[in-house]
Amino acid sequence: MIRALVADDSPTARSLLAALLAADPEVEVVGEAQDGAEAVELARRHRPDVITMDIQMPHLDGFQATKRIMTEAPTPIVIVSGLDVRDVAVSLEALRAGALAILPKPGGPGSTQFEQESRHFVATVRAMARVKIVRRSREAPVATPSPPPLPIPRRAARPEVVGVVASTGGPAALHKILAALPRDFPRPVLVVQHIAIGFAEGLAHWLDGASKLDVRVAQHGTRLEPGVVHIAPDNRHLGVSHDGGAVLLSDAPPIGGFRPSGTFLFESMARSLGAASLGLVLTGMGRDGADGLRAIRQAGGTVVAQDEATSDVFGMPAAAINEGLADLVLPLPAIASQLTEIV
């Protein structure tokens, strides 16, 4: 049984969400919280498998409650809000707080979309309940020193381009990495982040505000320059041109259900740059990117994977590691310094 906790200050919405979950024979609702503070307390007391969390609540809002739960009783959290979840600021704040997904509240039995929204709500909660969550430490008041650099794999050339793929938990991981890279980082960075349609521009803006580098949504044909981070746009593959010097965007079919796909990015890097490729796989569900990382390894390039302890979801990194593709397996706080050392 999946043990669920529902947090919402509206008795009507709380009862509806609890009823939708309880109607699934594999879900048991173990608690209902009417504000964020109670959600934190019930999370500690009941240790549910998943929590649905409203945003606007008294005493402690959903963002604050999510942050506390992720440090005190780490649990998969799905934000279910009456706010416009298409609002980029709302969604990115939820993901940064530690939520795995954000959904609109189902409109109620009288809504024409009620059945579809209800099915999607229950399916998302069920899927997130299976995600392995790691404890988030409270932000330190002062910066901690970076760990000493690890040996660079001898088999690889100095990378000319850094390619990154991430999914669930990725925005917060990217935020931490890009914030830590130095202003004079000497290579371009290409990023595939699995994210809902309409959020790429907001993600780039959010990351740009945290980074000393220039973070932008990728445009086809743009020359690759040091210190510029290119984020894959909506529903287009991101790669490297055949001569290795420019951004390539493609409408080719999805790979493994994804467009953009990490595998497309890494395979294009392997073809164009060979051993001068560096592929980094971060937290996320599934195995997108693994086949592309194999192409980078076969071309003599370098593969780096985030470790299990710091991955919100140890799916994509695990696929690379388990298939013997990773040269280095690093905790999130060490990745920026190691990338700088390698390039």
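Residues numbered from 1 in each chain as written. Predicted model: local features only at pLDDT ≥ 70, side-chain atom pairs only at ≥ 80, totals over all residues. Heavy atoms only, no water.

Asker: Would you take a moment to explain empty space enclosed by the protein for this structure?
Answerer: Empty space left among the atoms is revealed by rolling a probe the size of a water molecule over them. The final tally for this structure, using the stated rule, is one cavity of 30 Å³ or more. In this structure, the largest cavity encloses a volume near 50 Å³. What lines the largest cavity is Val162, Val164, Leu174, Ile177, Leu178, Leu181, Val189, Val191, Leu280, Leu282 and Leu339. For the lining of the largest cavity, the elements supplying multiple residues, two or more each, are β6 (161-166), α6 (170-180) and β7 (189-193). (1 Å grid on protein atoms, 1.4 Å probe; cavity = no way out; pocket = protein on both sides within 12 Å on 5 of 7 lines; lining within 4 Å. Points joined across faces, edges and corners; volume = space filled by probe spheres on them. Helix = DSSP H or I, 4+ residues; strand = E, 2+ residues; numbered from the N terminus.)

Asker: Hey, could you run me through the sheet that holds strand β3 (residues 50-53) in this one?
Answerer: Note: strands within a sheet are paired through backbone hydrogen bonds, in either parallel or antiparallel orientation. Spatial ordering of the open sheet is given by β2-β1-β3-β4-β5, a layout of five strands whose pairing is parallel. Each end of this open sheet is capped by a strand with a single partner; those strands are β2 (27-33) and β5 (101-104). Within this sheet the neighbouring strands show an average axis-to-axis angle of 25°, counted without direction. Taken together, the four bridges between strand β4 (residues 77-81) and β5 define a ladder with parallel strand orientation. Paired with Ser81 across the strands is Pro104, a residue of β5. (Pairing = 2+ DSSP bridges. Axes fitted to C-alpha atoms, helices over the stretch in contact; angles between N-to-C directions.)

Asker: I tried to follow the sheet that holds strand β14 (residues 328-330) on my own but got confused; where do I start?
Answerer: Taken together, seven strands build an open sheet; the order of strands is β8-β9-β7-β6-β12-β13-β14 and the sheet is parallel. Unpaired on one side and paired on the other, β8 (214-217) and β14 mark the two borders of the sheet. Strand-to-strand twist in this sheet, taken as the mean axis angle between neighbours without regard to direction, amounts to 20°. Two strands pair when backbone bridges link them, and β7 and strand β9 (residues 228-231) are joined in this way by three bridges, in the parallel orientation. Paired with Val191 across the bridge in β9 is Ile231. Along the sheet, helix α9 (residues 290-298) makes contact with β12 (277-281) and β13 (302-306), crossing β12 at roughly 150°. (Contact = heavy atoms within 4.5 Å.)

Asker: Just to check I follow, could you spell out unusual backbone geometry for this structure?
Answerer: A negative phi angle characterises most non-glycine residues, just as the trans form characterises most peptide bonds. With omega at 15°, the peptide bond leading from Arg259 into Pro260 counts as cis. By the secondary structure assignment, Pro260 is in the loop between β11 (247-250) and α8 (262-273). You will see that Arg47, though not glycine, has its phi angle at about 50°, which is positive. Relative to the assigned elements, Arg47 resides in the loop between α2 (36-46) and β3. Arg47 gets classed as partly exposed once you look at its relative accessible area, which sits at 46%. (Buried < 20%, exposed > 50% of the residue type's maximum accessible area, 1.4 Å probe, protein only.)

Asker: Help me understand the packing of helix α4 (residues 88-97) against helix α7 (residues 200-210) in this model?
Answerer: Relative placement of two packed helices is described by the angle separating their axes and the distance separating the axes. The N-to-C vectors of α4 and α7 enclose an angle of 60°; their axes lie 10 Å apart at closest approach. The pairing of α4 with α7 is recorded here as oblique in orientation. Between α4 and α7 lies a crossing whose hand is right-handed. Residues Val88, Leu92 and Arg96 of α4 form the contact with α7, whose own contacting residues are Gly202, Leu203 and Trp206. A class-by-class count of the residues in the contact of α4 with α7 yields four nonpolar, one polar and one charged. (Parallel < 35°, antiparallel > 145°, perpendicular 65-115°, else oblique. Left-handed = near helix turned anticlockwise from the far one by under 90°. Nonpolar A, V, L, I, M, F, W, Y, C, P; charged D, E, K, R; others polar.)

Asker: Is there a simple way to think about the pattern of salt bridges in this case?
Answerer: Tallied over the entire structure, the rule returns 19 salt bridges. In this structure, the salt-bridge partner of Lys105 is Asp54, at a minimum N-O distance of 3.6 Å. On the criterion of sequence distance, the pair formed by Lys105 in the loop between β5 and α5 (114-129) and Asp54 in the loop between β3 and α3 (62-72) is long-range, its members being 51 residues apart. Given a relative accessible area of 24%, Lys105 falls into the partly exposed group. For Asp243, the salt bridge goes to Arg223, with nearest N and O atoms at 3.8 Å. Note that Asp243 is positioned in the loop between β10 (237-240) and β11 and Arg223 in the loop between β8 and β9, a separation of 20 residues in sequence. Overall, the relative accessible area of 58% leaves Asp243 in the exposed class. What you see here is one network of salt bridges that share partners, running through Glu41, Arg44, Arg45, Arg68 and Glu72. (Salt bridge = Lys/Arg side-chain N within 4 Å of Asp/Glu carboxyl O.)

So far we have only geometry, and geometry alone does not tell us how the molecule works.
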